[in-house]
Amino acid sequence: MLDVNQIKKNFSGLEVLKEVTFKVAYRENHAIIGPNGAGKTTLFNIISGKFRPTSGRVTFKDKDITREPPHIRNRMNLSRSFQITNVFQELSVFDNVIAGVRCHHGMRYNFFKSPTSNKEICDKTRAIIEEVGLEKVTDTTARELSYGQQRALEIGVTLSTEPEMILLDEPTAGMTREETAEAIELIQKVTVDKSLLIIEHDMDVVFTLADTISVLHYGTILASDTPDKIRNDQRVKDAYLGEEE
Amino acid sequence: MTDLAVFFLHGLVYAGLLFLISSGLTMVFGMMNVLNLAHASFYMLGAYLSYSFLQWTGNFYLSLIVCPIILFVIGSLIQKFLLVKAHKYGHVHELLVTFGVAYVITELVKWIWGNFPLGVNLDGFLTESITLFGLPYPIYRLFMLGCAVLVCLIMAFLLYKTRLGIIVRAAVDDHGMVNALGINVPLVFMSIFGLGAGLSGFAGVIAGPLLTTYPGMAAEILVDAFVVIVIGGMGSLGGALVASLMIGELQSFGALFFPKLSLALMYLLMAIVLVVKPSGLFGEDL
Amino acid sequence: MLKNRSTLISVAVIALLLFILPAFTHRYYISLLSEMFIFGLFAISYNLLLGYGGLLSFGHAMFFGIGSYATAIFITQIDGLSLISAVFLSLIVTIIAGLIVGSLLLRHKGTPFALLTLAFNALFFAIAMKWYTITGGDDGLSIFRPPINLGVTSVDTSGITFFYYLALIVIGLVVLFCWFFTKTAMGKTVVLMRENEERMRFLGYNTNISRLILFIFTGALAGLAGSFYTLFYEFTSISSISLDMSTSVILMVIIGGSRYFAGPLIGACVYIYLQDYLSDITDRWPLVMGLIFIFMILYVPKGISGLGDFIIDKIRQRRTPDDNDSSPCVEEN
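Some thoughts on the overall build of chain C
A count of helices and strands for chain C gives 13 helices and 4 strands. On C-alpha atoms alone, chain C measures out to a radius of gyration of 20 Å, which is about the 20 Å that the 2.2 N^0.38 rule sets for 333 residues. Taken along the three principal axes of its C-alpha coordinates, chain C extends 65 × 50 × 45 Å. Here chain C holds 333 residues, and 56% of them are scored as buried. Carbon together with sulfur atoms contributes 66% to the accessible area of chain C, which is approximately 14600 Å² in total. Treating the 20 positive side-chain charges of chain C as one cloud and the 20 negative ones as another, the clouds have centres 10 Å apart.

This is the structure in structure tokens:
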């Protein structure tokens, strides 16, 4: 589904990504792990369209999206979440989610209809809010939510455009044990019929969720394999997992 | 040939003036990400305060020192009490506050000194001319150029040879980082803003006797200052220097070839640069 | 629910009052009110850009002026042009101008955007000044208010009271449409742009197009106000397209409040009334205006229309001394 081919990224002389190549299959859960500063978020930014790579190619559903702007990628059903909650802080949970839903339905520039007048849009919005467990705070302003609720909203907004593939950037960052467990359950639930590419530091989350793990080590993919093989890979142990234990 | 040399010299003088004003403007933008629309108002206040100071004491040289200091204080106070408060409401609010300050200062000037041009008269050797390239050239213009160059050198020294200078340059480059280093960033911001105001005021004091002192002088030079920092790159001092020279000469020779269209041309130039390359010559990509 | 009901009632009451007013008041006040309608529309158009879209423009008068000049020029150049046609043609001109300028401003935001709007306003001002043969330059353009051509009859529009009702109905309907607009999909899209443009992009919105549409729409509204300006005074001059005019509308919107729909209307009325009242007392009424402006920006960011909120917040802060910053705006990057 997603094909990342020899991506290289320089930032004013600093080579953040040297040569990144990997694939994500249809409906696969694929995790990217690696030490901080390895370039994981940069990679996400390139895949989602925030940055352009210095060289290399990104292919999604057999189409070259390397140079496409973010909104085109989203309309192709590739959606991402953000490491630091990036929602509409002054709007209610409902308004946050409906934004993506109605965009996906094409109701963007309509001068005459209100989004809430469309039953399908409203229903889908409520469905997503329920899916991420925020029904009780549907009308609360995003700014007033708890941290865990904000992260749930972040995922909800990511889901609002009915993506076929989701990029989740450290969704459990800053969460307690209980919140992480809930988050894992949520992610599993919503990605049943989607492809997932997730950046994570929490190894429990990674080994629970992932079908495939890629290890990003200072700009290159060290290894890309099933969780068991990665767990036992000597290079990975030396570079990363070994330090963790 | 000698005519051209004279125009070239005129251009340098104006460039000096522009640099005094735009240097503060671009530093404040680089550091605090605020385009101070009231910056040229400080220039105007400097000219007007100098006028009154001269009326009171008759000592121009004293005015050169006192008025910029007054502007430094005014600038610092505005930053501390108005800008800081506006900052927490966001970028748009900050811009609007500076806009409001510019508006109020212009109205205050009209109220206190009147809505008509004032003549600043000096005496002494500054009103004479010397012979340059076979033509008489006003000493005062050379004096202005000299002042600008002197201030420029002092600034360069302070910025590149002192610890304070390093802090300022770092803050212009990355204010978040400087904050994290434990330096009293609010104090630095206030001082730099005040310094910019003082420099502007100084420019106003020396410009007074040459250019007309009238309530529209702020708006008149503000456009040129904007063009300078847009071309030079917002936040870049070196860019401001280069661009000041460019615009100074452009205005000087432009007055020769397109006398009436000058203002519109400046705006057009600014628009073109902003549309085509918003980061200017030396600025970062915005 | 309750809030909507009471708003509806107050609007209806005000509308009724405005309709019957000419029977009781002096011509002078009828004129003043007409002026308030015109600038009210201008201010509303600006606030859709600033308050709802988060775009700070220093050159909104370019559209007001283009609409104003277009109307004057069409009327002077085309014999027998009816009022409706003049306004309609001016609207088209303004929309085209909005399209051209907006396309050039597409990728810019914040400070560069503000500077560009300033530059374009100044350029249009220069054109109006120089193109003496068409625009009358410094002297301005005088017109006679054309009649409304209804096919079988033509309605004389020269009366002050007639114009008052014309402005009230047309501008009233347009303002109503603007209010309705804020509830529609496009109206909500505009707010998304103000709140978090980056996330919008990742949700599939082409923010450049959104911005262009808003820019053209608000420009057209300002142009309509400008048309009425020309029709009202039967005259236009470079002041209609000047930076001073842009400054005035900014003052109106901030003083009235940019966070509520009615804010700009209140601001326009206050501005025009004060201008009228204070200019008899002092030549320096702009100074008062400027000081009120700064005060509003810092202490009452929601303006007069937000005074209710402001007072409620202050009372709340007295009761519970917690550090709740009730700032209405979002910080930008």
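Some remarks on the packing of helix 2 (residues 27–52) of chain C against helix 10 (residues 243–256) of chain C
Think of two packed helices as two axes; the pair is described by the angle between the axes and how far apart they sit. Residue and element names in this part refer to chain C. Taken N-terminus to C-terminus, the directions of helix 2 and helix 10 make an angle of 80 degrees; their axes are 9 Å apart at the nearest point. Our classification of the angle between helix 2 and helix 10 gives roughly perpendicular. The residues of helix 10 that touch helix 2, namely those facing Phe 39, Phe 42, Ala 43, Tyr 46, Asn 47 and Leu 50, are Met 245, Val 249, Ile 250, Met 252, Val 253 and Ile 254. Its residues assigned to classes, the contact of helix 2 with helix 10 shows 11 nonpolar, 1 polar and no charged.

Examining the confidence of the model for chain C
All names here are of chain C. The pLDDT averaged across chain C works out to 86; a share of 92% of its residues lies at or above 70. Per-residue pLDDT, averaged within each element of chain C, yields its smallest value for helix 13 (residues 307–319) (69) and its largest for helix 9 (residues 207–233) (95). In the predicted structure, residues 321–333 sits below a pLDDT of 50 and forms 23 contacts with residues beyond four places in sequence or in another chain. We note a pTM of 0.89 for the whole complex and an ipTM of 0.90 for its interfaces.

Some words on helix 11 (residues 262–276) of chain B
For helix 11 of chain B, with 15 residues, the first-to-last C-alpha span of 21 Å sits near the 21 Å given by 1.5 Å per residue. Three or more residues of helix 11 of chain B are buried, namely Ala 264, Met 266, Tyr 267, Met 270, Ala 271, Val 273 and Leu 274 of chain B. Along its buried surface, helix 11 of chain B packs onto helix 9 (217–232) and helix 10 (237–257) of chain B together with helix 5 (110–130) and helix 10 of chain C.

Side note on unusual backbone geometry
Leave glycine aside and you will find that most residues have negative phi; peptide bonds, for their part, are mostly trans. At Arg 27 of chain A, a residue that is not glycine, the phi angle is positive and equals roughly 60 degrees. Structurally, the position occupied by Arg 27 of chain A is in the loop between strand 2 (14–24) and strand 3 (29–33). Arg 27 of chain A sits in the partly exposed class, given a relative accessible area of 44%. Here the phi dihedral of Asn 33 of chain B falls at roughly 60 degrees; this positive angle occurs in a residue that is not glycine.

Some remarks on the interface of chain C and chain B
Frequently, the measure chosen for interface size is the accessible area removed from exposure when the parts meet. Between chain C and chain B, the contact holds 41 residues from the first and 39 residues from the second. Summed over the three residues of chain C that lose the most area to chain B, namely Leu 115, Arg 284 and Leu 298 of chain C, the buried surface amounts to 17% of that side. The tally of links between chain C and chain B comes to 3 residue pairs in polar contact (both at pLDDT 80 or more). For the side of chain C that touches chain B, the secondary-structure elements that each account for two or more residues are helix 5, helix 10 and helix 12 (285–299) of chain C. Among the elements that line the side of chain C that touches chain B, the one with the most residues is helix 5 of chain C, at 12 residues.

How each quantity is defined
- Residues numbered from 1 in each chain as written.
- Chains lettered and ligands numbered in written order.
- Predicted model: local features only at pLDDT ≥ 70, side-chain atom pairs only at ≥ 80, totals over all residues.
- Heavy atoms only, no water.
- Helix = DSSP H or I, 4+ residues; strand = E, 2+ residues; numbered from the N terminus.
- Rg over C-alpha atoms; globule rule 2.2 N^0.38 Å.
- Buried < 20%, exposed > 50% of the residue type's maximum accessible area, 1.4 Å probe, protein only.
- Areas by Shrake-Rupley, 256 points an atom, 1.4 Å probe, with all protein chains shown as cover.
- Lys, Arg positive; Asp, Glu negative; His and termini not counted.
- Charge placed at Lys NZ, Arg CZ, Asp CG, Glu CD.
- Axes fitted to C-alpha atoms, helices over the stretch in contact; angles between N-to-C directions.
- Parallel < 35°, antiparallel > 145°, perpendicular 65-115°, else oblique.
- Contact = heavy atoms within 4.5 Å.
- Nonpolar A, V, L, I, M, F, W, Y, C, P; charged D, E, K, R; others polar.
- pLDDT = per-residue confidence, 0-100.
- Expected span 1.5 Å × (residues − 1).
- Buried area = accessible area lost by both parts, 1.4 Å probe.
- Polar contact = N/O pair within 3.5 Å; in protein donor to acceptor, adjacent residues only side chain to side chain.

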